[in-house]
Amino acid sequence: MSGVHFREVKPDEGDQRLDRWFRGHYPQVPQGRIEKMCRKGEIRVDGGRVKGSTRVEAGQTVRIPPLPDAPAPQPFVQRTRVSDADAEMMRNAVLYRDDDIIAINKPAGLPTQGGSGQTRHVDGLSEALQFDAEDKPRLVHRLDKDTSGVLLLARNRQAAKALTDALRHKATRKIYWAAVAGVPFPRTGTIKFGLVKAPGHGRGGEGEKMICLHPDDVRQTEGAKRAETDFTVISALGGRVSWCALEPVTGRTHQLRTHMAELGHPIIGDGKYGGSGQENLGDGWGAQLGGEMSRKLHLHARSLTFRHLGTGAPLTVTAPLPEHMVRTWKSLEWSLDDAADDPFSPEA
């Protein structure tokens with residue numbers, strides 16, 4: 001498709017991410033290309049620069065740069081997009097469901113969305129969770145690929161907007177459980193290091209990492225963002241490893257993993273930020289326990305609290321630990337009964 005043209009967002013297309021809207025009209029354009037065109041300012045909304053995550057509204061005008069032509073139509077072949085095994089896995093992961101929301105216990109190792117080389121992910125498999133709704137569920141937030149736990153999906157556009165607004169305005173509360181190297185001291189506190197992305201290597205930027213900055217350096221550093229995490233130790237095994245509850249006050253990429261590593265207590269199994277198993281990181285050691293302990297990431301979104309969209313009453317969804325963390329807890333003789341419902345309360 002040659003030449004720049006402009007397209008208006010229709011009344012029934014408003015209140016959705018720009019990249020989702022764009023793919024609906026131009027399915028031949030991959031996600032990476034959309035993001036690149038946004039970064040270069042080639043895609044604009046009402047004349048302004050935007051990101052793929054920007055939400056478009058009815059009546060806005062989107063600038064469309066020259067695009068590759070759509071491929072020639074292929075003969076229709078009926079395909080099942082989600083295998084029976086994956087459909088069963090997704091349905092077994094459901095923790096809560098009503099007319100507006102589905103909450104699942106995302107398995108560790110399953111990406112939330114597609115990306116470079118990722119073809120099997122929650123967003124694609126969510127077709128299995130459509131049930132009696134008109135559309136498949138919509139993602140409203142993300143978890144890292146190797147992080148398990150509570151993940152919310154909206155069953156309609158109105159619910160998606162309400163949940164997105166609640167997450168944006170901090171009207172939800174997320175508590176994570178983690179096994180970390182060493183024992184933080186003091187055992188309860190707040191981490192306030194800012195975060196900035198360090199470039200990776202290779203043509204696709206592989207290996208990108210977040211790095212910590214002193215809070216005073218955030219304003220002077222391009223691309224840096226303020227970040228804040230509350231933590232508390234629930235139980236510990238000597239000075240070698242501890243069970244911590246983590247509550248992200250802000251929601252930055254890899255925030256919990258980067259903050260705990262910067263504190264000197266990386267999350268067990270974190271090969272990206274945890275250093276080697278022989279490396280002394282402050283009071284803790286590298287992010288491997290050795291022996292029969294799993295090398296998988298020991299970070300789990302344990303609970304998420306928000307207001308029910310129908311009644312307005314507080315609703316808390318809790319996710320059981322994944323199997324590799326269950327084995328670790330059993331080996332370390334940590335009992336789930338040792339954790340208070342709210343580990344950050346004064347009573348706890």
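As the structure is a prediction and not an experimental result, all values here were calculated from the model.

**Focus: the pattern of salt bridges**
Between side chains of opposite charge, pairing is possible as soon as their charged atoms come close. Counted under the stated rule, the structure contains 15 salt bridges. A network of salt bridges, in which partner residues are shared, links Asp-144, Arg-257 and Asp-270.

**Brief notes about helix H6 (residues 255-262)**
With respect to burial, H6 is a largely interior element, seven of its eight residues being buried. Among all positions of H6, only Gln-255, Leu-256, Arg-257, Thr-258, His-259, Met-260 and Ala-261 are buried. Note on H6: the residue one or two positions beyond its end, Gly-264, has a positive phi of about 95°.

**With respect to the nonpolar core**
Core analysis: the biggest nonpolar cluster contains 30 residues, and Met-90, Ile-104, Val-122, Tyr-176, Leu-246, Ile-267 and Leu-299 have the highest contact counts within it. Ranked by residue count, the leading element in this core is strand S11 (residues 173-181), at three residues. Of the residues that make up this core, three or more belong to each of domain 2 (84-169) and domain 3 (175-338). Those residues in contact with Tyr-176 that sit more than four places away from it in its chain are Leu-143, Thr-147, Cys-244, Ala-245, Leu-246, Pro-248, Leu-256, Leu-299, His-300, Ala-301 and Arg-302.

**What about the sheet that holds strand S6 (residues 61-64)?**
Pairing in this open sheet of four strands is antiparallel, and the strands run S1-S6-S3-S4 from one edge to the other. The sheet terminates laterally at strand S1 (5-8) and strand S4 (48-49), the two strands that pair on one side only. As paired strands, strand S3 (residues 44-45) and S4 are joined by two bridges and run antiparallel to one another. If you follow Arg-44 over to S4, its bridge partner there is Arg-49. Lying over the sheet, helix H1 (residues 18-25) contacts S1, S3 and S6, oriented at roughly 65° with respect to S6.

**A short note on the packing of aromatic side chains**
As enumerated under the stated definition, the model contains six aromatic pairs in all. A centroid spacing of 5.0 Å and a plane angle of 45° characterise the contact between Phe-22 and Tyr-26, whose relative ring orientation is tilted. What makes Phe-22 buried here is its relative accessible area of 0%. Given the relative accessible area of 3%, Tyr-26 is considered buried.

**So, the environment of Arg-44**
For Arg-44, the position within the fold is in strand S3. With residues up to four places along the chain from it excluded, the contact list for Arg-44 reads Arg-49, Val-50, Thr-61, Val-62 and Arg-63. Polar side-chain contacts of Arg-44 include one of 3.2 Å to the backbone oxygen of Gly-47.

**Notes on the UniProt feature "active site" (unreviewed entry) in the chain**
Taking the UniProt record as the reference, the feature "active site" (unreviewed entry) is found at Asp-144. Counting through the fold element by element, Asp-144 comes out in the loop between strand S9 (138-139) and strand S10 (148-154). Beyond its immediate stretch of four places on either side in the chain, Asp-144 contacts Lys-106, His-254 and Arg-257.

**Regarding the confidence of the model for the chain**
Per-residue pLDDT for the chain averages 88, and the proportion of residues at 70 or more is 89%. Every residue in residues 76-80 is under pLDDT 50, and counting partners more than four places away or in other chains gives zero contacts.

Parameters at a glance
- Residues numbered from 1 in each chain as written.
- Predicted model: local features only at pLDDT ≥ 70, side-chain atom pairs only at ≥ 80, totals over all residues.
- Heavy atoms only, no water.
- Salt bridge = Lys/Arg side-chain N within 4 Å of Asp/Glu carboxyl O.
- Buried < 20%, exposed > 50% of the residue type's maximum accessible area, 1.4 Å probe, protein only.
- Helix = DSSP H or I, 4+ residues; strand = E, 2+ residues; numbered from the N terminus.
- Core = buried A, V, L, I, M, F, W, Y, C linked by side-chain atoms within 4.5 Å.
- Domains from an automatic or database assignment.
- Contact = heavy atoms within 4.5 Å.
- Pairing = 2+ DSSP bridges.
- Axes fitted to C-alpha atoms, helices over the stretch in contact; angles between N-to-C directions.
- Phe/Tyr/Trp six-rings, centres within 6.5 Å; stacked < 30°, edge-to-face > 60°.
- Polar contact = N/O pair within 3.5 Å; in protein donor to acceptor, adjacent residues only side chain to side chain.
- UniProt positions renumbered as here; feature names shortened; annotations may be inferred.
- pLDDT = per-residue confidence, 0-100.

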